[in-house]
Amino acid sequence: MIPVTKPFLPPKEVYNAYLDGIWKRQWLTNMGPLASELEIRIKEREELNHLLFVTSGTIALQIAIKALALKGEIITTPFSFIATTSSIVWEGCKPVFVDIDASSLNIDANKIEAAITKDTSAILATHVYGNPCDVEKIAEIAKKHNLKVIYDGAHAFGVKLKGKSIFDYGDVSICSLHATKLYHSIEGGLIVAQDATTLKKMEYMRNFGFAGPERFAELGINGKNSEFHAAMGLANLDYLDGILQQRKELTERYWHRLVQSKLAAPIWHKAATNNYGYMPVIFENEEVLLKCMEQLKLREIFTRRYFYPSLAAILPYLESVRMPVTEALAKRVLCLPLYYDLAVEEVDLICRTMLNAKNN
Ligand SMILES: *Cc1c(COP(=O)(O)O)cnc(C)c1O
């Protein structure tokens, strides 16, 4: 069986060494030493100034929306994971969908201005598969209309744009450290803010708003992550360069094998590095996609239609809106297996199966 993804696990002894420390200190959660160390190590690695380790990417989004005091309408993309949209609704705001760009699969920055109304407070865009949005155009629009910008960088750990971390764009960026993401702490998330005051506010929010044992600075929630999760994050961090390298090689192998297939990849931002978080392929039509998916499944190879269908069309708590580009592309995109211990021979088998399915 070949799953679409498989979490990376460090050698057990490495994790156990962290556990020994936890047992010695008996400090399990509430901003313990490992959680702090993880924040420092990630800040150093990604050259970031202001960062928080929280329980999930979803809570990171919710805290970001709350901390920026967003109201009314938030412009967002229908081609993302459900949490991008549901966080907006959860925080009492209204998602206003803007269609995607057919080549990057990110929100089409050229269509944002037409969706702005007097009630718009922010833009929440996803760097889909880690591929950076048109951050310059979005910044320009945000400035002109006095809007906040949040980036859902759940897929984007390690990506650099013009030499700096992708999380260093927008007012706030978030990342998910969920087990299915390329770098993980089992469950976990990161919040990155441009400005120290906003980060301080979010730091209070992460811990019920506590500003001292008997004092509250903000309305808060429980977004603190545990020492056990931080330990996994720290253990995995030492393997990250190897993970990125392995994913790069597997991706190159895929495209080498699929070169004659008429399959396309999303067009990557020219000034950005790739983290090879996903292996999305764009088919010429849905029929061929379904045929390939089926043939792979017969060999117990599992793929995933990330993201299908359009979030603008299927949520029971939102009025359905048509997004023609998203609908057309969502039907044609399939994510192929990609994870650290996927074997080159397995990549070859997947490619052979797909090429056969396409030609029959
Ligand atoms: C995974 C993911 C999230 C949610 O992250 P969790 O850590 O699972 O809460 C949000 N947005 C996108 C685009 C994701 O892929």
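Scoring rules and cut-offs
Residues numbered from 1 in each chain as written. Predicted model: local features only at pLDDT ≥ 70, side-chain atom pairs only at ≥ 80, totals over all residues. Heavy atoms only, no water. Helix = DSSP H or I, 4+ residues; strand = E, 2+ residues; numbered from the N terminus. Rg over C-alpha atoms; globule rule 2.2 N^0.38 Å. Contact = heavy atoms within 4.5 Å. Areas by Shrake-Rupley, 256 points an atom, 1.4 Å probe, with all protein chains shown as cover. Lys, Arg positive; Asp, Glu negative; His and termini not counted. Charge placed at Lys NZ, Arg CZ, Asp CG, Glu CD. Pairing = 2+ DSSP bridges. Axes fitted to C-alpha atoms, helices over the stretch in contact; angles between N-to-C directions. Right-handed = clockwise from strand over helix to strand, strands pointing away. Domains from an automatic or database assignment. Buried area = accessible area lost by both parts, 1.4 Å probe. Salt bridge = Lys/Arg side-chain N within 4 Å of Asp/Glu carboxyl O. Polar contact = N/O pair within 3.5 Å; in protein donor to acceptor, adjacent residues only side chain to side chain. Near = heavy atom within 4 Å. Nonpolar A, V, L, I, M, F, W, Y, C, P; charged D, E, K, R; others polar. Buried < 20%, exposed > 50% of the residue type's maximum accessible area, 1.4 Å probe, protein only. Patch = residues over 30% accessible without salt bridge, like charges linked within 9 Å, V, L, I, M, F, W, Y side chains within 5 Å. Phe/Tyr/Trp six-rings, centres within 6.5 Å; stacked < 30°, edge-to-face > 60°. Lys NZ or Arg CZ within 6 Å of the ring centre and 35° of its normal.

Here we take up the overall build of the protein. Along the protein, the regular secondary structure elements total 12 helices and 13 strands. The globule rule puts the C-alpha radius of gyration for 360 residues at 21 Å, and the 21 Å found for the protein is close to it. Judged by the C-alpha coordinates and their principal axes, the protein covers about 70 × 55 × 40 Å. Considering only contacts within the protein whose residues lie at least 6 apart along the sequence, 70% involve residues at least 24 apart. When the accessible surface of the protein is summed, it comes to about 16,200 Å², and 53% of that surface belongs to carbon and sulfur atoms. Across the protein, the centroid of the 41 positively charged side chains sits 2 Å from that of the 41 negatively charged ones.

A word on the sheet that holds strand S3 (residues 94–97). Across the sheet, seven strands lie side by side as S1-S9-S8-S5-S4-S2-S3; this open sheet has mixed pairing. Looking at strand neighbours, the two that pair on one side only are strand S1 (51–54) and S3, the edges of this open sheet. On average, each strand axis in the sheet is tilted by 25° relative to the strand beside it, whichever way the strands run. Packed on one face of the sheet, helix H6 (residues 196–206) meets S1, strand S8 (172–176) and strand S9 (189–193) and runs near 15° to S1.

Next up on the list: unusual backbone geometry. The omega torsion across Tyr 306 and Phe 307 is 0°, close enough to zero to call that bond cis. Tracing the backbone shows Phe 307 in the loop between helix H9 (286–298) and helix H10 (311–314). The step from Tyr 308 to Pro 309 runs through a cis peptide bond, and the omega angle for that step is -10°. Relative to the assigned elements, Pro 309 resides in the loop between H9 and H10. Look at Asn 146: it is not a glycine, yet its phi comes out positive at around 55°. By secondary structure assignment, the location of Asn 146 is in the loop between helix H5 (135–145) and strand S5 (148–152).

With that settled, the discussion passes to the pairing of S3. Across four bridges, the pairing between strand S2 (residues 73–76) and S3 is parallel. Bridge pairing links Ile 75 to Val 96 in S3. One crossover worth recording links S2 to the parallel S3 by way of helix H4 (residues 82–90), and it is right-handed.

In terms of domain boundaries, the protein breaks down into domain 1 (12–237) and domain 2 (240–359). Here domain 1 and domain 2 have C-alpha centroids that lie 25 Å from each other. Counting residues at the interface gives 40 residues for domain 1, matched by 34 residues for domain 2. Approximately 3,200 Å² of surface area, both sides summed, lies buried where domain 1 meets domain 2, with 68% of it carried by carbon and sulfur atoms. Area buried by domain 1 at its contact with domain 2 is led by Phe 97, Tyr 129 and Leu 182, which between them contribute 23% of it. Linking Arg 45 and Asp 241 is a salt bridge whose minimum nitrogen-to-oxygen distance equals 3.0 Å. In this assembly, domain 1 and domain 2 are joined by 14 residue pairs in polar contact (both at pLDDT 80 or more). Looking at the side of domain 1 that touches domain 2, the elements with two or more residues in it are H4, S3, strand S6 (160–161) and helix H7 (227–237).

This brings us to the site of the ligand. Around the ligand, 15 residues are found, and the nearest of them are Thr 58, Asp 152, His 155, Ser 176 and Lys 181. Take His 155: an N or O atom from its side chain is 2.7 Å from an oxygen atom of the ligand. For the ligand, whose unbound accessible area comes to 380 Å², protein coverage reaches 93%. Of all elements in the fold, only helix H3 (57–67) and H4 reach the threshold of two or more residues within the shell around the ligand. Along the lines of polarity and charge, the residues of the shell around the ligand split into three nonpolar, 10 polar and two charged.

The next point concerns the pattern of salt bridges. In the structure shown here, the tally under the stated rule is 18 salt bridges. For Glu 252, the salt bridge identified is with Lys 248, shortest N-O distance 3.1 Å. Of this pair, Glu 252 and Lys 248 both sit in helix H8 (residues 240–257), four residues apart, which is roughly one turn of that helix. Its relative accessible area of 29% is what places Lys 248 among the partly exposed residues. Residues joined in a network through salt bridges with shared partners are Arg 45, Glu 46, Lys 160 and Asp 241.

A surface patch of nonpolar side chains, amounting to about 260 Å² of accessible area, comprises Phe 81, Ile 82 and Tyr 317. The topology assignment puts Ile 82 in helix H4.

In the structure shown here, the tally under the stated rule is 13 aromatic pairs. Their ring planes at 65° and their centres at 6.3 Å tell us that Phe 157 and Phe 167 sit as a pair that is edge-to-face. Pair noted here: Phe 157 is in the loop between S5 and S6 and Phe 167 is in the loop between strand S7 (164–165) and S8, with a separation of 10 residues, a long-range link. Like Phe 157, the residue Phe 167 is buried in the burial classification. An aromatic cluster is defined as three or more aromatic residues linked by ring pairs; in this entry it consists of Phe 79, Tyr 129, Tyr 278, Tyr 306 and Phe 307. Sitting over the ring of Tyr 169, Lys 164 keeps its end group 4.6 Å from the ring centre.

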